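# Coordinate analysis (summary)
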Protein chains: 2
Amino acid sequence: MDFNFTTLGTASALPTNSRYPSAHVLNIRGRLFLIDCGEAAQILLFRKGISILKIDNIFISHLHGDHCFGLFGLLSSMGMKGRTAKLTIHAPVELKGMLDFFMRAFEGDAMNYEIEHNVLDATMKKGEMQKIFESRNIEAFAFPLNHRVPTFGFLFREKEPAPNVRKELLEPYGITLKEIAILKRGEDVCREDGTILASKDFTYIPFRPRSFAYCSDTAPFEKLAQVIDSVDLLYHEATFAQDLKGTAQTTFHSTAKDAAEVALKANVKKLVLGHFSSRYVSVEHLRDEAREIFPNTELAERGARFDIELEKY
Amino acid sequence: MDFNFTTLGTASALPTNSRYPSAHVLNIRGRLFLIDCGEAAQILLFRKGISILKIDNIFISHLHGDHCFGLFGLLSSMGMKGRTAKLTIHAPVELKGMLDFFMRAFEGDAMNYEIEHNVLDATMKKGEMQKIFESRNIEAFAFPLNHRVPTFGFLFREKEPAPNVRKELLEPYGITLKEIAILKRGEDVCREDGTILASKDFTYIPFRPRSFAYCSDTAPFEKLAQVIDSVDLLYHEATFAQDLKGTAQTTFHSTAKDAAEVALKANVKKLVLGHFSSRYVSVEHLRDEAREIFPNTELAERGARFDIELEKY
């Protein structure tokens, strides 16, 4: 029952000799989601021992090169590795031109798998969300951010699990399999003798559903906190320190302080900072700046993995 | 008076956890030439401490992704780093679509430098060459290879240096400045007293011009050896070992043995093998296979630099 987030690339627009452009892997119960796909993402996945064929969903926040130039190589390699399963790329409408060019110029017949472009809804207002992915246990949403081009954040969460029946009550009450099914559906059992077994008394939610939100790139804005409210882990860009607040505003980015203020307001459990300006060789001062406002802050160092532990009830 | 070749990426179509796609830097007397530009080339340049703004000429052998997907990031970063100098990309005509797409979708106004596409001549026959670059001391040529798509090799060489006058003869013969100029032009001096000072007796070529050839990707063909004849250093692809000769033929690639046979026939001084299939974790057997035919063979390991020393006469 894994739920973890691995940072592959932590650079902003310009990579450095130690930071690759944005790319991240979210693993929810063994299902892998690639979030942004900067240059060299495929190589960083290989290094982590992650099979690129296990990725069926890619989420692209926006069409700036440092968030998508790794798609060319990754999509090619998936073809060469014999992929046949459909790949879904959740991305702004601008991805279309890139995919068209890529298929026309580079791949054509060589790719034996379908690429579905799930177009993110550019008409959403800030504070709104769009469900873009759903499986039996997981759902994911896109929401607008505040950047120079159409940009989206992503929210992933486990669905509330089906209730379990309290085993210790089964025998004392002589509960039948048929009654268990009713109780687990959330309905009460009315026996012929008039006894009522209330679902809420006989069942419990086995664990607390976990959640993760990704916000890159964005300037801070009023309604951001409400869509990422109370997530367990928030990845938020922190391109600059607060002394460059002016530059952050002009370029529609956040400072570490901005990110911490969002984390505090949204009441998240943990904050991870990434997308660091190439001007910073060390970024510890960004963490320190954020911790003054939101103490549970960590840095997205390349290869670092952040686990959200399962909390059983 | 440097003349060296640095391998950045040594993979073939599929990168691995330790091999990046094709990218190389040739340094001739401080002038840097980027040869192929696979994904992550810019990051590997940063790691080598090489300023990407020092590169004014890029040579793309062919438009397969593992030789050109790094252009997107590199060209963007050059723009962000404030480049204003013209950049020339020597590449097959197919680069045009890629540049058009890139400029339209990603950069537009953000780039304040001109990109000149020097289109390699697709009408050349095998065994022919086209001069594509010339400076005061260096000239470079493209020549056709034998791959699945139009592909070119590159030959770089120093021009023959101007002759120097033998200093030890100046005083005994009372040679004047005017006479020195004549002798250095390669002309003989006829003095009024009838004495003839032959240029060949009074001058010498100060050093041997050096040369390098790059051949990737290609199947072996008859006329290759003649265009790369006697180069000091030959980089030649060796995607496969000889036991996969059939695969090499089908995919228009070379085996290590093929590369060694070309090196032998062309009488080159040293052979460097690269572009290794992802199926090989270690590639020492490729070197061993080549050395049976051409002993002075090395492997293009990532970051390895091959120096051609200046030989003074």
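Just so we're clear, the structure is a prediction, and the values are computed from it rather than from any experiment.

### Focus on the overall build of chain A
Looking only at helices and strands, chain A features 11 helices and 18 strands. Each of the three principal axes of chain A carries a C-alpha extent, and together these read 75 × 55 × 40 Å. Looking at chain A as a whole, 44% of its 313 residues qualify as buried. Summarising the internal contacts of chain A: among those between residues at least 6 apart in sequence, 64% fall at separations of at least 24.

### What to know about the interface of chain A and chain B
With 24 residues of chain A at the contact, the number on the chain B side is 24 residues. Secondary-structure elements contributing two or more residues to the side of chain A that touches chain B are helix H1 (41–47), helix H3 (70–80) and helix H4 (95–107) of chain A. Classifying every residue of the side of chain A that touches chain B gives 14 nonpolar, eight polar and two charged.

### Observations regarding the packing of helix H10 (residues 256–266) of chain B against helix H11 (residues 284–291) of chain B
Residue and element names in this part refer to chain B. Viewed as axis vectors pointing N to C, H10 and H11 meet at an angle of 40°, and their least axial separation amounts to 8 Å. By the angle between their axes, H10 is oblique relative to H11. Crossing angle aside, the handedness with which H10 passes H11 is right-handed. Note on element contacts: H11 touches H10 through Leu 286, Glu 289 and Ala 290, opposite Ala 256, Lys 257, Ala 259 and Ala 260. Counted by class, the contact of H10 with H11 contains five nonpolar, no polar and two charged residues.

### Looking at the packing of H3 of chain A against H4 of chain A
All names here are of chain A. In contact at an axis separation of 11 Å, H3 and H4 are set at 55° when each is read in the N-to-C sense. As far as their axial angle goes, H4 and H3 are oblique. The way H3 lies across H4 gives a crossing that is right-handed. Residue-level contacts link Phe 72, Leu 75, Ser 76 and Gly 79 of H3 to Phe 102, Phe 106 and Glu 107 of H4.

### Observations concerning the sheet that holds strand E9 (residues 152–158) of chain B
Residues and elements named next belong to chain B. Pairing is mixed across the open sheet formed by seven strands, whose spatial order is E7-E8-E9-E14-E15-E16-E17. Bordering the open sheet on either side are strand E7 (130–134) and strand E17 (297–299), each of which pairs with just one other strand. The sheet shows a mean angle of 20° between the axes of neighbouring strands, direction not considered. Bridge count for E9 against strand E14 (residues 211–215) is four bridges, and the pairing is antiparallel. Each residue of the ladder has a partner; that of Arg 157, found in E14, is Ser 211. Lying on the sheet, H10 is in contact with strand E15 (233–237), strand E16 (270–274) and E17; it crosses E15 at an angle near 150°.

### Re the relation of the copies chain A and chain B
With an axial shift of 0.0 Å and an RMSD of 0.2 Å, the rotation relating chain A to chain B amounts to 179°. Here the two chains are linked by the operation of a two-fold rotation axis. Closest approach to the rotation axis within chain A is made by the C-alpha atom of Ala 40 of chain A, at a distance of 2.8 Å. Comparing interface residues between copies, 100% of those in chain A also lie at the interface in chain B; the contact surface is shared.

### A closer look at the sheet that holds strand E8 (residues 138–144) of chain A
Residues and elements named next belong to chain A. An order of E7-E8-E9-E14-E15-E16-E17 is seen for the seven strands of this open sheet, with the pairing classed as mixed. Lying at the two open borders of the sheet, with one neighbouring strand each, are strand E7 (130–134) and strand E17 (297–299). The mean angle between the axes of side-by-side strands here comes to 20°, regardless of whether they run parallel or antiparallel. Note: strand E14 (residues 211–215) against strand E15 (residues 233–237), four bridges, orientation parallel.

### Quick look at the domain arrangement of chain A
You can read the domains of chain A as domain 1 (3–161 + 205–307) and domain 2 (164–203). Placing a centre on the C-alpha atoms of domain 1 of chain A and another on those of domain 2 of chain A gives a separation of 44 Å.

### Quick notes on unusual backbone geometry
Note that the residue after Ser 216 of chain A, namely Asp 217 of chain A, is joined by a cis bond; omega there is 0°. Within the element layout of this structure, Asp 217 of chain A appears in the loop between E14 and helix H8 (224–227). Phi at Asp 36 of chain B is positive, roughly 65°, even though this residue is not glycine.

### A look at the environment of Arg 185 of chain B
You can see Arg 185 of chain B is positioned in the loop between helix H6 (177–184) and strand E11 (189–190). Sequence separation of Arg 185 of chain B and Asn 164 of chain B is 21 residues, and the distance between their C-alpha atoms is 9.9 Å.

### Description of the nonpolar core
Counting 166 residues, the largest nonpolar core has Leu 234 of chain A together with Leu 234 of chain B as the members making the most contacts within it. With sequence-adjacent residues up to four places away left out, Leu 234 of chain B is seen in contact with Ala 213, Cys 215, Ile 228, Ala 263, Ala 266, Val 268 and Leu 271 of chain B.

### What about H4 of chain A?
For H4 of chain A, the set of buried residues is Leu 95, Met 98, Phe 102 and Phe 106 of chain A. Projected down its long axis, H4 of chain A shows its buried positions confined to an angular sector of 60°, all on one face. In this structure, H4 of chain A carries Asp 100 and Arg 104 of chain A as exposed residues pointing more than 90 degrees from its buried face. Packed against the buried residues of H4 of chain A are helix H2 (65–68), H3, strand E5 (87–91) and strand E6 (115–119) of chain A together with helix H2 (65–68) and helix H4 (95–107) of chain B.

### Some words on the environment of Ile 58 of chain B
All names here are of chain B. Note on placement: Ile 58 falls in strand E4 (residues 55–59). Along the backbone, Ile 58 and Tyr 280 are 222 residues apart, and their C-alpha atoms lie at a distance of 29 Å. If we ignore the near neighbours within four places in the chain, the residues touching Ile 58 are Leu 34, Cys 37, Leu 87 and Ile 89.

### Some points on the environment of Thr 7 of chain A
Residues and elements named next belong to chain A. Tracing the sequence through the fold places Thr 7 in strand E1 (residues 3–9). Overall, the presence of 24 C-beta atoms within 10 Å leaves Thr 7 in the buried class. Spatially, the C-alpha atom of Thr 7 lies 9.8 Å from that of Val 272, the residues being 265 residues apart in sequence. Those residues in contact with Thr 7 that lie beyond four places of it in its chain are His 24, Gly 274, Ala 300, Glu 301, Arg 302, Gly 303 and Ala 304.

Reading the values: rules and limits
Residues numbered from 1 in each chain as written. Chains lettered and ligands numbered in written order. Predicted model: local features only at pLDDT ≥ 70, side-chain atom pairs only at ≥ 80, totals over all residues. Helix = DSSP H or I, 4+ residues; strand = E, 2+ residues; numbered from the N terminus. Buried ≥ 20, exposed ≤ 12 C-beta atoms within 10 Å, placed from the backbone. Contact = placed C-beta atoms within 7 Å. Nonpolar A, V, L, I, M, F, W, Y, C, P; charged D, E, K, R; others polar. Axes fitted to C-alpha atoms, helices over the stretch in contact; angles between N-to-C directions. Parallel < 35°, antiparallel > 145°, perpendicular 65-115°, else oblique. Left-handed = near helix turned anticlockwise from the far one by under 90°. Pairing = 2+ DSSP bridges. Least-squares fit on C-alpha atoms with pLDDT ≥ 70 in both. Domains from an automatic or database assignment. Core = buried A, V, L, I, M, F, W, Y, C linked by C-beta atoms within 7 Å. Arc of directions from axis to C-beta.

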